[in-house]
Amino acid sequence: MEARRGLLIILSGPSGVGKGTIRKKVMEDKSLNLAFSISCTTRLPRPLERDGVDYYFVKKDYFEKLIREDELLEWAEFVGHYYGTPRGPVEKMREEGKNVILEIEVEGAKQVMAKCRGNDVVSIFIMPPSLEALVERIHSRKNERRTNIEERLAKATREMGLKYNYQYVVLNDDVDRAAEEVKNIIRDKLNATIES
Ligand code: 5GP
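Residues numbered from 1 in each chain as written. Predicted model: local features only at pLDDT ≥ 70, side-chain atom pairs only at ≥ 80, totals over all residues. Heavy atoms only, no water.

1. Some remarks on unusual backbone geometry
Link 1 in the chain: Unusually for a residue other than glycine, Asp70 sits at a positive phi of about 55 degrees.
Link 2 in the chain: When you line up the elements, Asp70 lands in the loop between α2 (60–68) and β5 (72–78).
Link 3 in the chain: Despite not being glycine, Val79 shows a phi value in the positive range, around 45 degrees.
Link 4 in the chain: In this structure, Val79 sits in the loop between β5 and β6 (81–86). (Helix = DSSP H or I, 4+ residues; strand = E, 2+ residues; numbered from the N terminus.)

2. A short note on the packing of aromatic side chains
Link 1 in the chain: A full pass over the atoms with the stated rule returns 7 aromatic pairs.
Link 2 in the chain: A connected cluster of aromatic rings, assembled from ring pairs, spans Tyr55, Phe57, Phe78 and Tyr83.
Link 3 in the chain: A cation over an aromatic ring shows up here: Arg23 above the ring of Phe36, its NZ or CZ 3.5 Å from the ring centre. (Phe/Tyr/Trp six-rings, centres within 6.5 Å; stacked < 30°, edge-to-face > 60°. Lys NZ or Arg CZ within 6 Å of the ring centre and 35° of its normal.)

3. Regarding the pattern of salt bridges
Link 1 in the chain: Considering all chains together, one arrives at 17 salt bridges under this definition.
Link 2 in the chain: Arg46 is the salt-bridge partner of Glu49, the closest N and O atoms lying 3.8 Å from each other.
Link 3 in the chain: Of the residues examined, Arg46 reaches a relative accessible area of 16% and is grouped as buried.
Link 4 in the chain: The closest approach of N and O atoms between Arg177 and Asp173, which form a salt bridge, is 2.9 Å.
Link 5 in the chain: The class for Arg177 is partly exposed, based on a relative accessible area of 34%.
Link 6 in the chain: On the accessibility criterion, Asp173 (44% relative accessible area) is partly exposed.
Link 7 in the chain: Overlapping salt bridges, with partners in common, bring together Arg5, Glu91, Arg94, Glu95 and Asp120 in one network. (Salt bridge = Lys/Arg side-chain N within 4 Å of Asp/Glu carboxyl O. Buried < 20%, exposed > 50% of the residue type's maximum accessible area, 1.4 Å probe, protein only.)

4. Looking at the sheet that holds β5
Link 1 in the chain: Ordered by their spatial adjacency, 4 strands build an open sheet running β4-β3-β6-β5, and the pairing between neighbours is mixed. The sheet terminates laterally at β4 (55–57) and β5, the two strands that pair on one side only. Taken pair by pair, the neighbouring strands of this sheet meet at an average axis angle of 25 degrees, ignoring direction.
Link 2 in the chain: Taken together, the 2 bridges between strand β3 (residues 39–41) and β6 define a ladder with antiparallel strand orientation. When the bridges of β6 are listed, Thr41 appears paired with Tyr83. (Pairing = 2+ DSSP bridges. Axes fitted to C-alpha atoms, helices over the stretch in contact; angles between N-to-C directions.)

As structure tokens, this is what we get:
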């Protein structure tokens, strides 16, 4: 029997909100059959980040080639670096029936929402409990330069204004609770697409 095409799950939220932690917790639930789309970026790896696991860390020239050759489902510039979703792997995973999570910023999310309008797309925006909590998180990334921190905070404020472009807004007041809420959203969406 052919696998049912997987969902596309867009997960956005300001830098430092804890999207990655929530995403990892959500992915522990094997019943949801999730896969993570590994993005390409031109920024340098942070300590503990691994090439091919967290991101594909690539050179600017290579990224620009991917843009020219239309290999990216979406891409955006964020605080001086490129970030983008390779199209091929996402398509392949969805064809195999995997529900694919894109952990991306708001510009890229807008591109995906414009391109993929079907019933098989779900968009979720993660909000911090307060701006103070976010400031603290961004500052705690010790290898981030000060100018970068300021830019990320300014960007975060702008991004939060776009939360209503998303189907769901989830408050990260507690990581476990927020992860449960995201899981329920995905579960409901899966049930709804099976029934339709
Ligand atoms: P960071 O440098 O903190 O890992 O990521 C910066 C921002 O870029 C985050 O909001 C992250 O979710 C987003 N991002 C990561 N990968 C992609 C991608 O492939 N496309 C877009 N548009 N944003 C991405």
